[in-house]
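# Understanding the architecture of this molecule
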Amino acid sequence: MIIVLGIFAIPAMAFIILQNSMVQTYLANRIATTISENLEADFSIESMDMILFNRVVLKEVMLKDQYLDTLLYAPSMIATLKTFSPSTNRIELSRLKFKDATIRLSTDTTRTINLKFITQALKKPPDSTKVRWKVSIHNIDFEQSRFKYENHFKPREPDSGVNFTDMDFAGMDLRVSDLRVDSGTVQILIEHLDFRDKSGCVMHNLSALMSINREFMKFKDLHIILNDSDIRADQLDFMFNSWKDFGNKGFSSKVKLNFKFLPSRINMADAAYWASFLHGIDKTVNLTGALHGRLNSFKGENILLEYGNHTLFSGNFDLNGLPDIQETFMYFDIQDLTTTVADIESFQKPGEPGETVDLSEQLSQLGDITYHGKFAGFYNDFVSYGILNTDVGQL
């Protein structure tokens, strides 16, 4: 009986000791010092509390960048401990949870991101004179938090949509797990992400397996829910030479895309927040198929697209010249096209809010249209080879 009481008394006594404010202050300072040394950054904690035996609440958590500006701030951070091994200098957390946190990333006028000094510190070989702890985290949660990114190298103010040089995601809820880092590539499972950007874009849900490094950003099993869009993709890849390729002038010619869409509903007004050339279109399409290439030389394969009340397209296409629709040369290999004059005239021109396609009086008489064959040229100057059936006969 005494032995049993002793077994329970030891952790109970440890718990009581850890409730002492002086002990907690010492441990908070020790944790902050260890993290600061490992990251070579200014990291501070105001205080800490123990909840039961495996949960630690750190209060007023602050991580500063190389300019001593805030990189991460959280009023509270809850760490759920799974393994603590002083003999092997290893800490394993089953969950790390932030609430009302702020994450602030920025790129300065020399194109240096304020995370670079931390990634460089983590790449350095360990100092044999210092104890370096190994920390692994299984799950990370952010609740009602904020993410900001500012690019001071080439800031810009787009007429509409998300400003990729000044992003501000408020009310962000994020759950991630299975974080892995291997040879410069970070892989993480995004279980859920929602936020509202200051542009007005609302992300209701994003989930995917994401891999990212200095030359690519890839998503597998992607699911996105926006206001009027439900997008699923087996694969969504962005390949580039450097992150500066995402600049206003570089994206269309430098970033290579590889998308494999599962049946998806895409509202153009939702998409326009991320692709400004779609601004002015408020129509929804259903899409399945593969898209690949750079935006200014874009290809579609095995595309099935539904639009309006009566329009269905299946086939392949090749577009050269986007995002300027006026200068885009199009080639379509159309296996099946069914549409109506009403659907065609309801299509809104990209970049021209409220402007729709205006058919001539003669073309307006075509009514219901079916076509299979080839189409080549510009949207207002083209040739076609195939069979066209209309209400006025076969052409």
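Residues numbered from 1 in each chain as written. Predicted model: local features only at pLDDT ≥ 70, side-chain atom pairs only at ≥ 80, totals over all residues. Heavy atoms only, no water.

In this sheet, strand S9 (residues 166–182) lies alongside strand S8 (residues 139–151) in antiparallel orientation, the contact comprising nine bridges. Note on S9: the bridge partner recorded for Lys148 is Asp168. Bridge analysis of S9 against strand S10 (residues 185–197) gives ten bridges, and the strand direction is antiparallel. Across the sheet, residue Asp173 finds its bridge partner in S10, namely Asp194. In sequence, S9 turns back onto S10 through a hairpin of two residues, with Ser183 there showing a positive phi of about 50°. (Pairing = 2+ DSSP bridges. Helix = DSSP H or I, 4+ residues; strand = E, 2+ residues; numbered from the N terminus.)

Moving on to the confidence of the model for the chain. Looking at the chain, pLDDT values average 81 and 79% of them are 70 or higher. Here residues 1–18 is a poorly scored stretch, pLDDT under 50, and it has eleven contacts once near neighbours within four places are set aside; other chains count. (pLDDT = per-residue confidence, 0-100. Contact = heavy atoms within 4.5 Å.)

With that settled, the discussion passes to the pattern of salt bridges. All told, the structure shown has twelve salt bridges when counted by the stated rule. Residues Glu150 and Arg104 are paired through a salt bridge, measuring 3.6 Å at the closest nitrogen-oxygen approach. In this pair, Glu150 sits in strand S8 while Arg104 sits in strand S6 (residues 102–107), placing the two residues 46 residues apart along the sequence. For the residue pair Glu150 and Arg104, the accessibility class agrees, reading buried in each case. With a closest N to O distance of 4.0 Å, Glu191 and Arg175 form a salt bridge. Of the two residues, Glu191 sits in strand S10 while Arg175 sits in strand S9, which places them 16 residues apart along the sequence. The class for Glu191 is partly exposed, based on a relative accessible area of 35%. The partly exposed category is assigned to Arg175, whose relative accessible area is 38%. One salt-bridge network, in which partners are shared between bridges, spans Asp65, Arg104 and Glu150. (Salt bridge = Lys/Arg side-chain N within 4 Å of Asp/Glu carboxyl O. Buried < 20%, exposed > 50% of the residue type's maximum accessible area, 1.4 Å probe, protein only.)

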